[in-house]
Amino acid sequence: MTTSTTDILLWVVFPYVCLAVFVLGHVWRYRYDKFGWTTRSSQLYESRLLRWASPLFHFGILAVFLGHVMGLGIPKAWTRAVGMTDEIYHFLAISIGAVAGISTVVGMALLIYRRRTVGPVFSATTRMDKFMYLVLATVIFTGMWNTIAGSILNLGGHYDYRDGVSVWFRGIFRFDIRPELMADAPIGFQLHALAAFFLFALWPFTRLVHVFSVPLGYMWRPYVVYRSRPDRLGSRASRPGWERSERRPERTGRR
Amino acid sequence: MRVMAQMAMVMNLDKCIGCHTCSVTCKQAWTNRAGTEYVWFNNVETRPGQGYPRTYEDQETWQGGWTLTKRGRLQLKAGGRLKNLLTIFASPKQPSIGQYYEPWTYDYENLTNAPLQEHTPVARPKSLLTGENMNVSWSANWDDNLGGGPALASQDPVLKQVSDKIKLEFEQTFMFYLPRICEHCLNPSCAASCPSGAIYKRAEDGIVLVDQDKCRGWRKCVTGCPYKKVYFNHRTGKAEKCTFCFPRIEVGLPTVCSETCVGRLRYIGLVLYDADRVLEAASEPDEHKLLAAQRSVLLDPHDPQVVREAERAGIPRDWVDAAQRSPIWRLIHDYEVALPLHPEYRTMPMVWYIPPLSPVVDAIAETGEDSEAARNLFAAIDTLRIPVEYLAELFTAGDTVPVTAVLQRLAAMRSYMRDINLGRDPDPSIPAAVGMTESAMQEMYRLLAIAKYDERYVIPSAHAEQAHSLEELATECSLDYEGGPGMGGSGPFGEGSGPGFADPIAVENFHMLQQRQTSDTVADPSTRKARVNLLNWDGKGRPSGMFPPRDDGDPADGPQLRDAESTGAEVVQPLPAGGSESGPAGTGTAPRSGTGPGGGASPGGSS
Ligand code: SF4
Ligand code: SF4
């Protein structure tokens, strides 16, 4: 086991710090800023480009996400156990991944083009948005590069990420981390992983939080929602310790 | 039977003069903020006309409201739940800013800063979205008063439905105004379209609100509402809509648009309805029967069984009383003159309209005949197909029978009351011809023509027995105070992010406002309930009520001077629209006339 301090920093400390920021950041953001938790849609300004670009990007990135769940989350032994040879797996991953990747990249390119050229959309873009787009684009491009250069063209020799990156990634969650696997990985994968973890750290502070609002509950809830006026007095929630003495205790806070 | 109470409104279109006061005061109160520049919770459209946003009534294009599936089940016109979810990335049928209008301001600074030049400097219009120069080519009222002529008005989707012949006869046109707010529907398709469940109907009074903390900006509600009365705040990324001024309603005050309506044509009151029957009524297969279905959902508040059920459902007794006194119920049920707007959208809208008789009256007047004679009016209603068909498209899904009946009642009232006003013998055959008794007709006349503030607005205040007079009641806060979200403040994550949004609903404290509007004392600093009117202060001495009385016996101060001054130039606080009649004490909805110590009206009283 020869892992340098740098490797420990990059492949152990950095991921954990980023994940911690990711989790705590979301908790904090949700409590501090429910009002700001939105998609910040710009469809009102422009919808001709958005109509194509946004679904392309979003469906693409959903497929890419599922691909990562497969590739990173499922050990080789499992796919073999269900009788899937590595060749078939590779073929499926590359073909589906390519379609998903291309629609993501095309969608993103269109969206960024739209953001830059459509006046109202550009003026509604915050600095944080721009930074986030940069990091997101880096993640997506390095990911595409790994797929194309590494897996299709086999530039720089063969590298099976399922024996390297994936094992390292799963190790993070089992607290059995093996930084040397990443240290040996090609530079493309290293950059992709670093950029991705940085994006996780950035996530709670960007509009990306809307990912966690996927409204799946809509499928089952009744169409029309009824709510009672809370019997709270005034529009202001009372501060802890300052509740009125004659008041019944509040049941569940904001309803 | 599941009784629920609904706050509803009726507008008497004959009295609307199209002054837009309601729109402007509403905007000042609620949407005078960055991100809502293009938003008019209340707007007044000239009909025929395209409306705001343009052609919003063309549901084949905009896909708002509900429709029936082949199997007769009620479904959102924009599609089922799955389709709705799959299209959240780019809502396919959302009007873009072009359908509303691009908000703008003028470069006024140029008027003072421009260098000396040959030509007078001008203030060019600047887009509020981009800051660039722009050509103003559309707005919320571009076709006001038929401006733009047939070219614009013929794009009216309702007009297209009426028939083609209208295009030929456009010269003999008719016109009226249609003020619109959110309908606070019994079966709101906006709420049904909201994937996050952020739009809800308040169980107590049926007001439909957007929970700003739960809205995630999917903007499905914009498509879902067939009246296009949910708006997307493009700065905060949240949906906003008319709140029925619920902080005012909760303390018994009418909405801002009603309070300020110049024509005094708006009525507010409660109706009771059977929540169990809403779905069934909205699923009525025959569009022409939707009006009857919608009426049948409403419950008679005088029916003892309904009263019992209302009590069981937890509706307070004074609310039931208010429902019994409700002008809305009388106009819808007793006189049957109020009709819902576009019942065919199947949302069960709860802002009802009394269709205008004026197109008919005007047409007769142009011929030189007596436009108030019952005979002429009835004949004209029968022959003036186009206005009647047009009104039917608006209010009864194209069925001219109910519209004709309403117009005949209005016509009958007109000519019957004319006889009385001219001191002739009233003709009992006129009310009888429209199926009304003479006394009912006079009652209806009273309600439509001279009803005072507390008859037009019968609003029971919300129940919060512990209410502290210095805090207003509010549920969610969509709209905020200076420096808060939506007031141009910008948090670290963009517009309106950050905490503090749970703070006061509005700058105005509504309890104080009501006290001020209903108080009958002059300014009195010891209670702070009345206000000082400096318009009456001539600059000499101290304005009365400005400072607390001194108890050091200084003759120049204190009560003596106050009394002395107030006999000279009385300080009477302005009255809200609605007149100077005193209402029954303690109803909470009646403004009392401001009679100062000297009595009588004051010069500043109506300022
Ligand atoms: S009119 Fe109001 S309550 Fe009805 S669907 Fe539209 S926004 Fe919702
Ligand atoms: S204030 Fe009244 S009269 Fe004026 S436009 Fe509005 S509804 Fe019509």
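Values in this document were obtained by computation on a predicted structure and should not be read as measured data.

Tell me what's going on with the overall build of chain A, and back it up with residues and numbers.
The helix and strand tally for chain A stands at nine helices and one strand. Of the regular secondary structure in chain A, the N- to C-terminal order runs α-α-α-α-α-α-α-α-α-β. A sequence separation of at least 24 residues applies to 77% of the contacts in chain A between residues at least 6 apart. Counting every atom, chain A has about 14,200 Å² of accessible surface; 70% of that belongs to carbon and sulfur.

I'd like to hear about the sheet that holds strand S1 (residues 3–12) of chain B, residue by residue, with values.
Sheet strands associate in pairs through backbone hydrogen bonding, adopting either a parallel or an antiparallel arrangement. Residues and elements named next belong to chain B. Read across the sheet, five strands follow the order S13-S12-S1-S15-S14 without closing on themselves; strand pairing throughout is mixed. A single partner strand is all that each edge strand has here, and the edge strands are strand S13 (298–299) and strand S14 (339–340). Summarising the sheet, strand S12 (residues 266–274) and S13 pair through two bridges and their orientation is antiparallel. If you follow tyrosine 273 over to S13, its bridge partner there is leucine 298.

Could you give an account of helix H9 (residues 187–202) of chain A, naming the residues involved and the relevant values?
Residues and elements named next belong to chain A. Look at H9: 22 Å from first C-alpha to last across 16 residues, which is about the 22 Å you get at 1.5 Å a residue. Taken residue by residue, H9 has Gly188, Phe189, Gln190, His192, Ala193, Ala195, Ala196, Phe197, Leu199, Ala201 and Leu202 as its buried positions. In this fold, the buried residues of H9 make contact with helix H1 (5–32), helix H2 (48–73), helix H6 (127–152), helix H7 (165–174) and helix H8 (179–183).

Explain the site of ligand 1 to me, and be specific about the residues and the numbers.
Neighbouring ligand 1 are the residues Cys182, Glu183, His184, Cys185, Pro188, Ser189, Cys190, Val208, Cys225, Tyr227, Val230 and Lys241 of chain B. Looking at side-chain class alone, the shell around ligand 1 contains eight nonpolar, two polar and two charged residues.

With reference to specific residues and values, describe the sheet that holds strand S8 (residues 199–202) of chain B.
Judged by pairing direction, the sheet is mixed, and its three strands sit side by side in the order S1(A)-S8(B)-S9(B) without closing on themselves. If you trace the sheet from one side to the other, it starts and ends with strand S1 (225–227) of chain A together with strand S9 (208–210) of chain B, each paired once. Strand-to-strand twist of the sheet, defined as the mean angle between neighbouring strand axes without regard to direction, takes the value 45 degrees. Bridging between S8 of chain B and S9 of chain B involves three bridges; their strand directions are antiparallel. When the bridges of S9 of chain B are listed, isoleucine 199 of chain B appears paired with valine 210 of chain B.

Tell me what's going on with the site of ligand 2, and back it up with residues and numbers.
Surveying the vicinity of ligand 2 reveals 14 residues, the closest of which are Cys16, Cys19, His20, Cys22 and Cys261 of chain B. Taken together, the residues that form the shell around ligand 2 break down as nine nonpolar, four polar and one charged.

I'd love a proper account of the pattern of salt bridges, names of residues and values included.
Overall, the coordinates contain 30 salt bridges over all chains when judged by the stated rule. Here arginine 227 of chain A ties to aspartate 211 of chain B by a salt bridge, and the two come within 2.7 Å at their closest N and O atoms. Taken together, the residues arginine 227 of chain A in strand S1 and aspartate 211 of chain B in the loop between S9 and helix H9 (220–224) connect one chain to another. Look at arginine 227 of chain A and you get buried, because its relative accessible area is 12%. What makes aspartate 211 of chain B buried here is its relative accessible area of 5%. Through salt bridges with shared partners, one network takes in Lys76, Arg80, Asp86, Asp160 and Asp163 of chain A.

Give me the pairing of S12 of chain B: which residues, what numbers.
Residues and elements named next belong to chain B. Counted residue by residue, S12 has nine buried out of nine residues, so it is predominantly covered. Judged by which residues are buried, S12 turns out to be covered on both faces: Arg266, Ile268, Leu270, Leu272 and Asp274 on one side and Tyr267, Gly269, Val271 and Tyr273 on the other are all buried. Inspection of the sheet shows S1 paired to S12 by nine bridges, in the antiparallel sense. The residue bridging methionine 11 from the neighbouring strand is arginine 266, located in S12.

So what about the packing of aromatic side chains? Which residues, and what values?
The way to describe two aromatic rings as a pair is by their centre distance and the angle between their planes. Tallying each qualifying case throughout the model produces 33 aromatic pairs over all chains. Ring centres 6.0 Å apart and planes at 80 degrees place the aromatic pair phenylalanine 131 of chain A and phenylalanine 198 of chain A in the edge-to-face group. Pair noted here: phenylalanine 131 of chain A is in helix H6 and phenylalanine 198 of chain A is in helix H9, with a separation of 67 residues, a long-range link. What makes phenylalanine 198 of chain A partly exposed here is its relative accessible area of 32%. The interplanar angle of 75 degrees and the centroid separation of 6.3 Å between the aromatic rings of tyrosine 38 of chain B and tyrosine 231 of chain B together place this pair among those described as edge-to-face. Note that tyrosine 38 of chain B is positioned in the loop between helix H1 (21–30) and strand S2 (43–47) and tyrosine 231 of chain B in strand S10 (residues 230–233), a separation of 193 residues in sequence.

Please set out the side chain of aspartate 274 of chain B residue by residue, giving values where relevant.
All names here are of chain B. Assignment of secondary structure puts aspartate 274 in strand S12. It turns out aspartate 274 is buried and unbridged, and the closest side chain with the opposite charge, arginine 277, is 5.2 Å from it. For aspartate 274, the side chain forms a polar contact with the main-chain nitrogen of aspartate 276, separated by 3.1 Å. Setting aside residues up to four positions removed in sequence, aspartate 274 forms contacts with Met1, Arg2, Val297 and Leu299.

What counts, and at which threshold
- Residues numbered from 1 in each chain as written.
- Chains lettered and ligands numbered in written order.
- Predicted model: local features only at pLDDT ≥ 70, side-chain atom pairs only at ≥ 80, totals over all residues.
- Heavy atoms only, no water.
- Helix = DSSP H or I, 4+ residues; strand = E, 2+ residues; numbered from the N terminus.
- Contact = heavy atoms within 4.5 Å.
- Areas by Shrake-Rupley, 256 points an atom, 1.4 Å probe, with all protein chains shown as cover.
- Pairing = 2+ DSSP bridges.
- Expected span 1.5 Å × (residues − 1).
- Buried < 20%, exposed > 50% of the residue type's maximum accessible area, 1.4 Å probe, protein only.
- Near = heavy atom within 4 Å.
- Nonpolar A, V, L, I, M, F, W, Y, C, P; charged D, E, K, R; others polar.
- Axes fitted to C-alpha atoms, helices over the stretch in contact; angles between N-to-C directions.
- Salt bridge = Lys/Arg side-chain N within 4 Å of Asp/Glu carboxyl O.
- Phe/Tyr/Trp six-rings, centres within 6.5 Å; stacked < 30°, edge-to-face > 60°.
- Lys, Arg positive; Asp, Glu negative; His and termini not counted.
- Polar contact = N/O pair within 3.5 Å; in protein donor to acceptor, adjacent residues only side chain to side chain.

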